[in-house]
Amino acid sequence: METIDPAAVPQRTLWTGARMPAIGLGTFGSDHVSAAQVADAVRGAAGVGYRHFDCASVYGNEAEVGAALADVMAGGVGREQLWITSKLWNDKHGEDDVSVSFHKSLADLRLEYLDLYLVHWPFPNFHPPGCDVSSRSADAKPYIHESYMKTWRAMEALVDAGLVRHIGTSNMTAPKLKLLLRDARIKPAANEMELHPHFQQAELFRFVVEQGMQAIGYCPVGSPGRPERDRTPEDTAPTEDAVIVEIARRHGIHPAVVCVKRAVQRGQTPIPFSINHYRANLAGVAGEPLSDEEMTAIAGTDRNCRLIKGQVFLWKDGQTWEDLWDESGEITPA
């Protein structure tokens, strides 16, 4: 496949002044893509010009991804040219667990430092891999800010030690972020969140940007490969939206590429996962932009359709997934 010049890919400037490529390759293989296939996608994506890779311990493939990254760097891509993110899983929020989990990720990825390390979810609730939507942890807890801040202090210590360049959050809401921004010594550099044309999260997106954080968007084309536990009958698919399909037809590209282009032009950083179409996504971002009229048309397709609802993190009987997302503007009480 033909390489796209990484210099043609837009960059985001973080509050530290560091620059992050405005599109990354996600590495969540869900329930149907093996670790070896994900690693091959990393090699292939780097070969066509990707320099940003979004990883996580819970994906169960960091050792294989690390081997791929080692191959990429052995092939001539300098470490300083790469942006590598990983995430702390929910059963490792304990003060003494953060460093242990981080060092495991660092060793698996075969790196000396990470560019960004995120707290994957604000809930310290463990659930087994492959569980269904009804799974609940007997030890499940709500968001408790004092506990989260203990985790955050351990994250800050990783920055102090020179092991992480930036720390950030994932799946946070504005009420939770307000508390963290108030109390953090080192400000979060990014919040990773679900963002696609059918779930634009305009208020949260605006808040994140106004606070000087980067909005990293997962599921930027929807999530056709998401686990069965995350599927509900009312879910919609942005790539099947008539507006997006027509724009794709006019440009001669796949509707998924339209979603990715739109994400970058909006100011978010999409991290689509693909083992087959990653070059098309990168080429779309580096190519001619969508028109103002097309951007406005896509903005009008929002359906407030959250695809990754997080039911397994609920902490008491009788709750619905909306309780996880503070839709009232206040943190859902314990």
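Structure shown above.
Now for a look at the structure at hand. It should be emphasised that the depicted structure is a prediction, and the values quoted were computed from it without experimental measurement. Numbering of residues begins from 1 in every chain and follows the order in which that chain's sequence is written. Residues qualify for local features only when their pLDDT is at least 70, as the model is predicted, and side-chain atom pairs are given and counted only at 80 or more; totals for whole chains, interfaces and linings, by contrast, use all residues. Hydrogens and water molecules were not included; the side-chain quantities draw on all heavy atoms of the structure.

### Regarding empty space enclosed by the protein
Applied cut-off: Buried and open spaces are told apart on a 1 Å grid over the protein atoms alone, a cavity being a set of points where a 1.4 Å probe fits but cannot get out and a pocket being an open set with protein on both sides within 12 Å along at least five of seven lines. Residues with an atom within 4 Å of a point are the lining residues. Grid points are joined across faces, edges and corners, and a volume is the space filled by probe spheres set on the points. Here the term charged refers only to Asp, Glu, Lys and Arg, the term nonpolar to Ala, Val, Leu, Ile, Met, Phe, Trp, Tyr, Cys and Pro, and the term polar to all other amino acids, Gly among them.
The full count for this structure, using the stated rule, is one cavity of 30 Å³ or more. When its volume is computed, the largest cavity comes out at roughly 30 Å³. Lining the largest cavity are Asn171, Met172, Met193, Glu194, Gln201, Leu204, Tyr218, Arg306 and Trp325. Grouping the constituent residues of the lining of the largest cavity by class yields five nonpolar, two polar and two charged.

### A few points about helix H8 (residues 255–266)
To keep it simple, the criterion reads: Numbering of helices and strands starts at the N terminus; helices are DSSP runs of H or I of at least 4 residues and strands are runs of E of at least 2. For a helix, the expected span equals 1.5 Å multiplied by the residue count minus one. Classification of residues uses two cut-offs on accessible area relative to the type maximum, computed with a 1.4 Å probe and protein chains only: under 20% is buried, over 50% is exposed, and between them is partly exposed. Working rule for contacts: check all heavy atoms of both residues, and any pair within 4.5 Å makes them a contact.
Taking 1.5 Å of rise per residue, twelve residues should cover 16 Å, and H8 covers 17 Å from first to last C-alpha, within 8% of that figure. Most of H8 sits inside the fold, with ten of its twelve residues counted as buried. Looking only at H8, the buried set comprises Pro255, Ala256, Val257, Val258, Cys259, Val260, Lys261, Arg262, Ala263 and Val264. Those residues of H8 that are buried lie in contact with strand S1 (11–13), helix H7 (242–251), strand S10 (269–270), helix H9 (278–286) and helix H10 (292–299). Directly after H8, the chain includes Gly267, whose backbone phi takes a positive value near 115 degrees.

### Some thoughts on the sheet that holds strand S9 (residues 214–218)
What counts is decided by this rule: DSSP bridges decide pairing: two strands pair if at least two such bridges lie between them.
An order of S3-S4-S5-S6-S7-S8-S9-S10 is seen for the eight strands of this open sheet, with the pairing classed as parallel. Edge positions in the sheet fall to strand S3 (25–26) and S10, since each of these pairs with one other strand and no more. Bridging between strand S7 (residues 167–170) and strand S8 (residues 190–194) involves two bridges; their strand directions are parallel. Residue pairing in the sheet places Thr169 in a bridge with Asn191 of S8.

### Regarding the environment of Gln201
What counts, and what does not: In protein, a polar contact requires one atom able to donate a hydrogen and another able to accept it; more generally it is a pair of N or O atoms within 3.5 Å, and residues adjacent in sequence count only if both atoms are side-chain atoms.
Mapping Gln201 onto the fold places it in the loop between S8 and helix H6 (202–210). For Gln201 and Cys305, which are 104 residues apart along the polypeptide, the C-alpha to C-alpha distance reads 9.7 Å. Setting aside chain neighbours within four positions, we find Gln201 in contact with Met193, Glu194, Leu195, Arg266, Asp302 and Arg306. There is a polar contact of 2.9 Å between the side chain of Gln201 and the backbone oxygen of Glu194.

### Brief notes about H9
Keep this limit in mind: Each direction from the helix axis to a C-beta atom contributes to the arc, which is the arc of those directions.
Restricting attention to buried positions, one finds in H9 the residues Tyr278, Asn281, Leu282, Gly284 and Val285. Take H9 and look down its axis: the buried residues cluster within an arc of 160 degrees, on one side only. Buried residues belonging to H9 abut S3, helix H1 (35–48) and H8.

### Thoughts on the side chain of Gln268
In this structure, Gln268 sits in the loop between H8 and S10. The class of Gln268 is buried, set by a relative accessible area of 2%. The contact partners of Gln268, leaving out residues within four places of it in the chain, are Arg12, Ala22, Leu195, Phe205, Ala215 and Ala263.

### Details of the pairing of S9
Applied cut-off: Seen with the strands pointing away from the viewer, any crossover whose path from the first strand over the helix to the second strand runs clockwise is right-handed.
Burial of S9 is extensive: five of the five residues sit out of reach of the surface. Burial of the side chains of S9 extends over both faces: Gln214, Ile216 and Tyr218 are buried on one face and Ala215 and Gly217 on the other. Bridge count for S8 against S9 is five bridges, and the pairing is parallel. Directly across from Met193, in S9, lies its bridge partner Gly217. For the crossover that starts at S8, traverses H6 and ends in the parallel S9, the hand is right-handed. Relative to S10, S9 is paired through two bridges, and the arrangement is parallel. Looking at S10, one finds that Gly217 is bridged to Pro270.

### Points about the side chain of Ser274
Secondary-structure assignment places Ser274 in the loop between S10 and H9. In terms of polar contacts, Ser274 uses its side chain to reach the backbone amide nitrogen of Asn276, at 3.1 Å. Here the side chain of Ser274 touches His277 through a polar contact of 2.6 Å, landing on its backbone nitrogen. Leaving out residues up to four positions away in the same chain, Ser274 has contacts with Leu25 and Ala41.

### A word on the environment of Leu177
Tracing the backbone through its elements, the reader meets Leu177 in helix H5 (residues 174–183). For Leu177, a relative accessible area of 0% puts it in the buried group. Sequence separation between Leu177 and Asp302 is 125 residues; the distance between their C-alpha atoms is 24 Å. With residues up to four places along the chain from it excluded, the contact list for Leu177 reads Thr169, Met172, Asn191, Leu204, Phe207, Val208 and Met213.

### A closer look at unusual backbone geometry
For residues besides glycine, phi is generally negative; the peptide bonds are generally trans as well. Even without being glycine, Cys219 reaches a positive phi, approximately 55 degrees. What makes Cys219 buried here is its relative accessible area of 12%. In this structure, Asn304 is a non-glycine residue whose phi angle is positive, near 50 degrees. Here Asn304 falls in the exposed class, since its relative accessible area comes to 61%.

### Some details on the pattern of salt bridges
Keep this limit in mind: In the sections that follow, a salt bridge refers to a side-chain nitrogen of Lys or Arg positioned within 4 Å of a carboxyl oxygen of Asp or Glu.
The full count for this structure, using the stated rule, is 17 salt bridges. The partner of Arg279 in a salt bridge is Glu2, and the shortest N-O contact between them spans 3.9 Å. Of this pair, Arg279 sits in helix H9 while Glu2 sits in the segment before S1, and the two are 277 residues apart along the sequence. Overall, the relative accessible area of 23% leaves Arg279 in the partly exposed class. Assessed through its relative accessible area of 59%, Glu2 is described here as exposed. Its salt-bridge partner being Glu246, residue Arg250 comes within 3.6 Å of it at the nearest N-O pair. With Arg250 and Glu246 both in helix H7 and four residues apart, this pair spans about one turn of that helix. Counted as one network, the salt bridges with shared partners bring together Arg153, Glu156, Asp160 and Arg185.

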